[in-house]
Amino acid sequence: MSKEVRLCPPTDRECNLCGRKEEWNAEMVNWEIGEVDGEKIVGEKFCMHEWDITGTHRSIIEVV
Ligand SMILES: [Zn+2]
């Protein structure tokens, strides 16, 4: 018996350090830089980006 783990990816994320925003593009299968009022929120170029969705496992749904 093995547990089936289904990954439910978030659709957007924000850096805790520099405020960079990214949005998940399902067609490109990649993260894109998010926009607020038509302005791209790039954040710091050399930031190590600590996403507000990492470190938690709330995006993983376990199905027994
Ligand atoms: Zn950052």
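Undergrad: What am I meant to see in the coordination of the zinc ion here?
TA: Perfect tetrahedral coordination of a metal by four donors corresponds to 109.5 degrees between them, and perfect octahedral coordination by six donors corresponds to 90 or 180 degrees. Coordination of the zinc ion by the protein comes from Cys-15 (SG), Cys-18 (SG), Cys-47 (SG) and His-49 (ND1), over a distance range of 2.1 to 2.4 Å. For the zinc ion, the four donor atoms in the first shell make angles of 106 to 115° at the metal, a pattern classed as tetrahedral. Written as a sequence motif, the donor residues of the zinc ion are C-x2-C-x28-C-x1-H. Of the residues examined, Cys-18 reaches a relative accessible area of 21% and is grouped as partly exposed.

Undergrad: Is there a simple way to explain the pattern of salt bridges in this structure?
TA: Charged atoms that come close allow side chains of opposite charge to pair. Within the structure shown, the criterion is met by four salt bridges. Arg-13 is paired through a salt bridge with Glu-22; the nearest N and O atoms lie 2.6 Å apart. Summarising the burial analysis for this pair, Arg-13 and Glu-22 share the class buried. Its salt-bridge partner being Lys-40, residue Glu-35 comes within 2.9 Å of it at the nearest N-O pair. Of the residues examined, Glu-35 reaches a relative accessible area of 42% and is grouped as partly exposed. Residue classification places Lys-40 among the partly exposed residues on the basis of a relative accessible area of 47%.

Parameters at a glance
- Residues numbered from 1 in each chain as written.
- Predicted model: local features only at pLDDT ≥ 70, side-chain atom pairs only at ≥ 80, totals over all residues.
- Heavy atoms only, no water.
- Donors = N, O, S within 2.8 Å, 3.2 Å for Na, K, Ca; no water.
- Tetrahedral: all angles 85-135°; square planar, octahedral: opposite > 155°, others 65-115°.
- Buried < 20%, exposed > 50% of the residue type's maximum accessible area, 1.4 Å probe, protein only.
- Salt bridge = Lys/Arg side-chain N within 4 Å of Asp/Glu carboxyl O.

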